[in-house]
Amino acid sequence: MCGIIAAASTRNVGKLLVQGLHKMEYRGYDSAGIALHQNESIAHLRALGKVQLLENKMIAEKPKSKLGIAHTRWATHGEPSEINAHPHKSKDSVYIVHNGIIENYVDLRESLIGYGYEFSSQTDSELIAHLLDLHMNEGNSMLDAMYLAKEKLEGAYAIAAIDIKDNTNLVVARNKSPLLIGLGTDEMFAASDPLAIAQMTNDFIFLEDGDVAEISANSYKIFDSSKKEVTREVTHIDISNQATSKGDYRHFMEKEIYEQPEAVSNTIDGRIGGEDVLDNIFGLGSSDLFAKVKRIQIVACGTSLHAGRVAANWFSSIAELPCQIDYASEYRYRNPHVDDDSLIITISQSGETADTLAALSYAKEKNYLASLAICNVPTSSLARESDFVLFTNAGPEIGVASTKAFTTQLAALMLLALSLAKSKDLNPKLRGRITNALRLLPEIISESLLQKEQIVAIAPSIANKDNALFLGRGIFYPIAKEGALKLKEISYIHAEAYPAGELKHGPLALIDENMPVIALAPESEIAEKLISNLEEVKARGGTLYVFADPSVKMDVKAGELVHMPKCDFFLTPIVYNIPLQILSYEVALLRGTDIDQPRNLAKSVTVE
Ligand code: G6P
């Protein structure tokens, strides 16, 4: 999704800004641009495609500047093109970059055309530059003009702006779209993502909705929505270079797959003790609150939603709680009825997904007992806006397709199921069994990573197909869904998931030699039924790739049977997900796709 970086410094900032754009490439984008103040003029460079193309233009033109703004764009209004790329400008004087969506852009655009402004792009963002220019021409400073513009703008935005008449200050504004200030020595930054400026500073100020700030190389001033100057807390975060570089791996996704044993250890460490989960790991008072919970509502998007679907089963089996789960983008629009003593749970790697944040804000108006977030980013909006939080501690996830974030979300959600059961004094023996199994989980994940060779051998027979079907039953159905999502995200192969028992009610019609079927067959009470479902596929000429418990001895003929390491039944979904990640990765590698930044996708989707 779009990324903003801005800098005011006593040194040249062009290189720093482009470096920052590179660091945000993982978020997904289609074009990039920069505006650099050069006293008499503003250098304005944009490129469709990779940041490298913008960098090539910079190398050719060598603009020198101590004040600038830059952007990676993920198209919402208007096709990906150089003309639609940010920064946008008004009359060669005001330049802006914007993340988010201006919902009333049609009306505002018309009214600005009425004032004589000409639009060169199809974006909703360009009008912000004209609106600022309009108010500055009335004699207002950029800061005052930003407040006047804010009165008119509806929707979500993070904005950074510079003005030809001021070579010292830049102005930023935030409303429902992440924005932070980075404090350097003799330089200040603003960015939508701390990773963009982590090489320049470890001290960040996370702006709040409604905030506007004026930033120069040696000072910054923050004003709240009522234009009162405010002090916001400085947060120190060490983001190591190791965490944000690929090392010897070919892709971030590959690195993140193989980091999973350590990531899961980090999720569990310090949260279990003896035969149980520790008290209050979701925040002070959480254990007491859990004792009162009678129902659970989960909202999330994408991969995080799949983690929620697995957890819904755990909440029911381990904590004996009914659980409803919704796509965050749908939840608000189905008129949800909230029973007394319900807990709302949001799950989000980034903690900045606009749909999930909007669902949480809607839920806060309802009579939930409390809100709880499972999140990977401590400084995120979701973490700040929830009553209770558990951080997954997976470290930065850069690959757009989520891997270690998913695995650690599952580990965290298991801790939640155990905590709820503990607070209700339920199933102590089962809790002890699962707690011990959790300790062994990193090792079992390491074992499952060793199946790489067998999976590499399967990959070519899937890479040359256009479709694939994933099958799982019960708690493995969401894992099949996640497997299908991973394959389509990074290899662009159309993939669907079904609970295996549903096969005969429709999808069986699709089975032929061109439809590989990937199935999950763990040891379970319905294992035999699943095998019968797979026989139905085999009988119709389908090729089966079965990830199974060692006790499963089926003859898959043309396909492949991969035996999985054994572990406690409740944790098997976590382990069976690993080979599906490796399979998607190896297939995408053969198809030569852009694995870390798949076409059209974004890492953190900050628009609804
Ligand atoms: C985007 C990403 C997915 C992710 C989803 C939810 O669509 O491409 O990988 O699962 O957002 O993101 P979140 O940060 O809320 O988990």
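Only a predicted model underlies this, so the values are computations on that prediction, with no experimental measurement involved. (Residues numbered from 1 in each chain as written. Predicted model: local features only at pLDDT ≥ 70, side-chain atom pairs only at ≥ 80, totals over all residues. Heavy atoms only, no water.)

### Points about the sheet that holds strand S15 (residues 235-236)
By definition, the strands of a sheet pair up through backbone hydrogen bonds, in either a parallel or an antiparallel sense. Note the following rule: A pair of strands is treated as paired once DSSP finds two or more bridges between them. Here a strand is any run of E in DSSP of at least two residues, a helix any run of H or I of at least four, and the numbering for each starts at the N terminus. Note on contacts: a residue pair is in contact if any heavy atoms of the two residues lie within 4.5 Å. Every axis corresponds to a line fitted to the C-alpha atoms, with the helix fit spanning only the stretch in contact, and the corresponding angles, defined between N-to-C directions, vary from 0 to 180 degrees.
Read across the sheet, eight strands follow the order S3-S2-S4-S1-S10-S9-S11-S15 without closing on themselves; strand pairing throughout is antiparallel. Since the sheet does not close on itself, it has two edges, and those belong to strand S3 (42-48) and S15, each with one partner. Summarising the sheet, strand S1 (residues 3-9) and strand S4 (residues 67-73) pair through six bridges and their orientation is antiparallel. Residue pairing across strands places Ala-7 opposite Gly-68, the latter belonging to S4. Across the sheet, helix H2 (residues 51-61) touches strand S2 (31-37), S3 and S4, and the angle it forms with S3 is around 145°.

### Considering the domain arrangement of the chain
Put simply, an interface is often sized by how much accessible area is lost when its parts join up. Going by this rule: Where each domain starts and ends follows an automatic or database-derived domain assignment. Defined here as a combined quantity, buried area equals the accessible surface (1.4 Å probe) lost by two parts on assembly, summed across both.
The assigned domain composition of the chain is domain 1 (3-239) and domain 2 (252-591). Domain 1 puts 10 residues into the contact, and the matching count from domain 2 is eight residues. Of the roughly 700 Å² buried at the junction of domain 1 and domain 2 (both faces included), carbon and sulfur atoms supply 62%. When the buried area of domain 1 at its contact with domain 2 is split by residue, Tyr-26, Pro-178 and Phe-206 rank highest and sum to 55% of it.

### Description of the sheet that holds strand S26 (residues 544-548)
Spatially, the five strands line up as an open sheet ordered S24-S23-S25-S26-S27, and their pairing is parallel. The open sheet has two edge strands, strand S24 (494-499) and strand S27 (560-563), and neither has a second partner. Geometrically, the sheet is characterised by an average inter-axis angle of 15° between neighbouring strands, direction not taken into account. Bridge count for strand S23 (residues 467-472) against S24 is six bridges, and the pairing is parallel. Within S24, the residue paired with Leu-471 across the bridge is Tyr-498. Against the sheet, helix H16 (residues 452-463) engages strand S25 (517-521), S26 and S27, with an angle of about 150° to S27. The sheet contacts of helix H17 (residues 477-491) involve S23, S24 and S25, and relative to S24 the element is tilted by about 175°.

### Focus on the site of the ligand
Convention followed: We define proximity as follows: a residue is near a molecule or strand when any one of its heavy atoms falls within 4 Å of that partner. Whenever two N or O atoms come within 3.5 Å, that pair is a polar contact, provided that in protein one can donate a hydrogen and the other can accept it, and provided that, for residues adjacent in sequence, both atoms are side-chain atoms. Every accessible area reported is derived by Shrake-Rupley at a probe size of 1.4 Å, with residue values counting cover from the shown protein chains alone. Put simply, Ala, Val, Leu, Ile, Met, Phe, Trp, Tyr, Cys and Pro go in the nonpolar bin, Asp, Glu, Lys and Arg in the charged bin, and everything else, Gly too, in the polar bin.
Contacts to the ligand come from 14 residues, most closely from Ser-304, Ser-348, Gln-349, Ser-350 and Thr-353. A distance of 2.6 Å separates an oxygen atom of the ligand from a polar side-chain atom of Ser-348. Between an oxygen atom of the ligand and a main-chain N or O atom of Gln-349, the distance comes to 2.7 Å. Across the complex, the protein chains shield 88% of the 390 Å² of accessible surface that the ligand would expose by itself. A per-element tally of the shell around the ligand places helix H10 (residues 302-319) first, with three residues. Residues belonging to the shell around the ligand are distributed by class as follows: four nonpolar, eight polar and two charged.

### Quick look at empty space enclosed by the protein
To find leftover empty space, one rolls a probe the size of a water molecule over the atoms. The criterion, for reference: Residues are called lining when one of their atoms sits within 4 Å of a cavity or pocket point, these points coming from a 1 Å grid over the protein atoms alone, where a cavity is a set in which a 1.4 Å probe fits but cannot get out and a pocket is an open set with protein on both sides within 12 Å along at least five of seven lines. Grid points are joined across faces, edges and corners, and a volume is the space filled by probe spheres set on the points.
The tally for this structure, following the rule as stated, stands at one cavity of 30 Å³ or more. The computed volume of the largest cavity comes to approximately 80 Å³. As for the largest cavity, its lining consists of 13 residues, and the residues nearest its centre are Arg-73, Thr-76, His-86, Asp-124 and Ser-125. For the lining of the largest cavity, the secondary-structure elements that each account for two or more residues are S4 and strand S6 (94-102). Residue classes in the lining of the largest cavity are distributed as three nonpolar, eight polar and two charged.

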